[in-house]
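# Architecture at a glance
Residue strings, one per chain:
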Amino acid sequence: MDNYIVMIGLEMHCEISKSNAKVFSMAENSYEREPNTNIQLRDMAFPGSLPVLNKKCVELALKASMILNCKQPEYMYFERKHYFYPDLPGSYQVTQETKPAPVGMYGELVYDCKGEKKKVRINNLHLEEDAAACEHFDTFSTVDYNRAGVPLLELVTYPDMRSADEAVAFLEAMRSIYQYADISEADSKKGQVRCDVNISIMERDKDETKEENWGTRVEVKNVNSFGGVRDAINYEIERHIELKENGTYDDMQQQTRRWDEDTMTTIFMRGKEDAIDYRYFVDPNIPKFKLSPDWLESIRDSIPELANERKEKYMNSYGLSEYDATIIVKEKSISDFYEETIKLGADAKKAANWLTSVILGYLNKNEASIGEIFLTPDRLFEIMKMTEEGKISSKQSKEVFYHVIENKKEPAKVVEDLDMKQIGDDSMIRELVIKVLDEHSNLIEEHRKGKNVFDFFVGQIMKATKGQANPGLTAQIIREEIEKR
Ligand code: MN
C-alpha cells in the first residue's frame, strides 16, 4: 500500500428533501407513503404531460453551488439522458450534462479529515430527477413510482481524495452542508444519498500531476452508505494492488463494477467498450432561462451559518474545546438544540457538558435522535436552573434528566414526585455535623495530626441526608465546627 498512491473521485447523489414538491411536477416530494400513491401524470411520462420546473429546487441547488464555491451558469437548461429501464417511464432522465448548463461548475470544498485540512475540487454540481424505486425478488420485481421525479443533486469531484478515510470525511462534510443549509436531510438510511466511487492507483514514485501516469479507472456504482463507500474503496485498493503485484494490472480495462453489500465485494458490470451511449440532447419541453443576478444575490444572502462557522463560534466565543465543538456541530439537530438552550440563558460550557457527556450518551445507547425524546431545550434549561439555584444537587440533576425522558414528565414535577430537594438549610446541616463530630471525636484528633478524615465526615452527612445536603455548604460547616473544638 505504501508503494502506491490511491486516487479517488466521487459522484454523490443527494435528494433535495427540503423542497415543497417534486422537481417537474406538483406531487409531494416524498416516497414514504404507500407505494404508487404520490404520482402525477408527468411523473409517469403520460403522453402530452409536460414538465414544469420547480423554482424552489433550483434555488436550493444554487445555494449548494454557492456554498461549494462553484460558478453558476448565466443561462440554465436541461437535457435528456436516455436509457431503458422500468424505473424510468419516459425512457429518459431529465438532467444537466453539458457545460455550461449545470447549477455549479469548478468549485472546491475544504474539509476536515482527522484534524487535517483537505481540499477536494468539484468538477460540477447538477440538478436532475430521481428515477422510480425498483425492488427485485426471486421471481418478480416491484416498481414504486412515488420516487420518480424527486429532485436530485449530483456532485462530481476530481480524483483528489487519497484514502477511504478522506472520501468518507468529504461525504460527511457534504452531508453537514446539505443539512445546515436546509437543502436536504441527506439521510442515507432513507436512501437519500447514493454514491459512485471512481478509483485507480499508481506507483508512488511517479508524478501524479501528469495524467498519463494515472492508473486505470474503475467505477464502483450504487454504494448507498458511507460505511459502504469505505468498504468498497478498501476492497478495490486491495484488488488493484494484487493485480499490480502479479503483473496483470495493465491488462485491466476501464470498467464499471457494482458494490455488493451481502458479499462485501465489487462485481464486474461492464467494460469501456460496452459503455452506454445516453444520447443526450437538450430537453425541448423546458425552456432555457436566465438566472437573474438579483435572484442569485438573494439566494447567496440566505446561506445560513454552517457547521464550520458554528464550530469556530463555540470555540472562540463560548470557550469550548475543539473536541466538544466538533461533537456538537456534527449533527445539525444537536447544534440547534444547543443554540436554543443557550438562547434561554443557559451557561454555554455547562450546556455543552450536558450534551456531550449525558445527552449524546443517552441517544447513542438508545439509538434515538434528539427530536424523538421528551427532553427539549426548555426542559434541559429548567433542570440546569434548578441545579444552579441549589434546589437539587448535580447528582440529582442526572436522575431528573432520566426521569423526564423515561416518564415524559416535566422536571419540576419529577423533583416534586421524587421528593427531591437539596438541603441548603444551614442550621439543619450544622445540627447533623455536630452530632457526627460528637460520635467520632477521636477522628478530629487524627484530622489535626494531618490524616485526611474530612471526606469521611462529608460522607457521613451525605449518608444521613440521602445525598440531599448541599456539598459545598456541608464542607464549610464541617470546617467551621472542627475549628471550634
Ligand atoms: Mn445522476
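Here's what I pulled together on the structure shown here. Note that the structure is a prediction, hence the values are computed from the model and not measured.

### Focus: the overall build of the chain
The helix and strand tally for the chain stands at 15 helices and 15 strands. Whereas a compact globule of 485 residues would reach a radius of gyration of roughly 23 Å, the chain reaches 30 Å, over 25% beyond that. Dimensions of the chain along its principal axes, counting C-alpha atoms only, are 95 × 55 × 55 Å. For the chain, buried positions account for 48% of its 485 residues. Within the chain, contacts between residues separated by at least 24 positions form 69% of all contacts whose residues are at least 6 apart in sequence. Element-wise, carbon and sulfur atoms account for 49% of the exposed surface of the chain, whose accessible area totals about 24,900 Å².

### Points about the packing of helix H8 (residues 348–366) against helix H9 (residues 377–388)
Viewed as axis vectors pointing N to C, H8 and H9 meet at an angle of 115°, and their least axial separation amounts to 11 Å. In terms of orientation, H8 and H9 fall into the roughly perpendicular class. Where H8 crosses over H9, the two elements pack in a sense that is right-handed. Mapping the contact onto sequence places Lys350, Ala351, Trp354 and Ile359 in H8 and Leu380, Ile383, Met384 and Glu388 in H9.

### Here's the deal with the environment of serine 394
You can see serine 394 is positioned in helix H10 (residues 394–407). Distance from serine 394 to asparagine 364, taken between C-alpha atoms, is 22 Å for residues 30 residues apart in sequence.

### A short note on unusual backbone geometry
Its identity is not glycine, yet alanine 45 carries a phi of approximately 55°, on the positive side. Positionally, alanine 45 belongs in the loop between strand S1 (4–15) and helix H1 (55–67). Accessibility expressed as a relative area gives 33% for alanine 45, which makes it partly exposed. Positioned with a positive phi, serine 91 is a non-glycine residue whose angle comes to about 60°. Mapping serine 91 onto the fold places it in the loop between strand S3 (79–82) and strand S4 (92–95). A relative accessible area of 25% places serine 91 in the partly exposed class.

### Digging into the coordination of the manganese ion
Only His13 (NE2), Glu128 (OE) and Glu154 (OE) from the protein coordinate the manganese ion, and they sit 2.0 to 2.2 Å from it. Mapped onto the sequence, the residues coordinating the manganese ion show the spacing H-x114-E-x25-E. A residue pair is termed long-range when its members are at least 10 positions apart, and glutamate 128 in strand S6 (residues 116–129) and glutamate 154 in strand S9 (residues 151–157) qualify at 26 residues. Glutamate 154 shares its class with glutamate 128; the two are buried.

### Notes on the sheet that holds strand S11 (residues 218–223)
Pairing in this open sheet of 8 strands is mixed, and the strands run S5-S6-S9-S1-S10-S11-S12-S13 from one edge to the other. Two strands bound the open sheet, and with one partner strand each, they are strand S5 (104–113) and strand S13 (265–271). Taking each pair of neighbouring strands and ignoring which way they run, the sheet shows an average axis angle of 30°. Pairing analysis gives 11 bridges linking S1 to strand S10 (residues 193–203), with the strands arranged antiparallel. Counterpart to glutamate 11 in the pairing with S10 is aspartate 196. Sitting on the sheet, helix H2 (residues 164–180) touches S1, S5, S6, S9 and S10, and the angle it makes with S5 is about 110°. The sheet strands contacting helix H3 (residues 226–245) are S1, S10, S11, strand S12 (255–260) and S13, and the helix crosses S10 at an angle near 25°.

### Thoughts on the sheet that holds S4
What the 3 strands build is an open sheet, ordered S4-S3-S14; its pairing is antiparallel. Whereas interior strands pair on both sides, the edge strands pair on one side only; in this sheet they are S4 and strand S14 (281–282). Where S3 and S4 come together, 4 bridges link them in antiparallel fashion. In the strand pairing of S4, glutamate 79 is matched with threonine 95.

### A closer look at helix H4 (residues 293–301)
What H4 keeps buried is the set Trp295, Leu296 and Ile299. Viewed along the axis of H4, the buried residues span an arc of 100°, placing them on a single side of the element. Set apart from the buried face of H4 by more than 90 degrees, the exposed residues are Pro293, Asp294 and Asp301. Lining the buried residues of H4 we find H1.

### Let's talk about the packing of aromatic side chains
Counting across every chain of the model gives 14 aromatic pairs. On the numbers, 6.0 Å between centres and 65° between planes, the contact of tyrosine 278 with tyrosine 280 is edge-to-face. Between tyrosine 318 and tyrosine 338 the ring centres are 6.2 Å apart and the planes differ by 65°, which places this aromatic pair in the edge-to-face class. Here the residue tyrosine 318 occupies a position in the loop between helix H5 (307–316) and helix H6 (322–330), and tyrosine 338 occupies one in helix H7 (residues 332–343), the gap between them amounting to 20 residues. Exposure remark for tyrosine 318: the relative accessible area of 24% places this residue in the partly exposed category. The lysine or arginine in question, lysine 81, covers the ring of tyrosine 278, its NZ or CZ lying 4.4 Å from the ring centre. A cation sits over an aromatic face here: lysine 288 above tyrosine 75, 5.3 Å from the ring centre.

Scoring rules and cut-offs
- Residues numbered from 1 in each chain as written.
- Predicted model: local features only at pLDDT ≥ 70, side-chain atom pairs only at ≥ 80, totals over all residues.
- Heavy atoms only, no water.
- Helix = DSSP H or I, 4+ residues; strand = E, 2+ residues; numbered from the N terminus.
- Rg over C-alpha atoms; globule rule 2.2 N^0.38 Å.
- Buried < 20%, exposed > 50% of the residue type's maximum accessible area, 1.4 Å probe, protein only.
- Contact = heavy atoms within 4.5 Å.
- Areas by Shrake-Rupley, 256 points an atom, 1.4 Å probe, with all protein chains shown as cover.
- Axes fitted to C-alpha atoms, helices over the stretch in contact; angles between N-to-C directions.
- Parallel < 35°, antiparallel > 145°, perpendicular 65-115°, else oblique.
- Left-handed = near helix turned anticlockwise from the far one by under 90°.
- Donors = N, O, S within 2.8 Å, 3.2 Å for Na, K, Ca; no water.
- Pairing = 2+ DSSP bridges.
- Arc of directions from axis to C-beta.
- Phe/Tyr/Trp six-rings, centres within 6.5 Å; stacked < 30°, edge-to-face > 60°.
- Lys NZ or Arg CZ within 6 Å of the ring centre and 35° of its normal.

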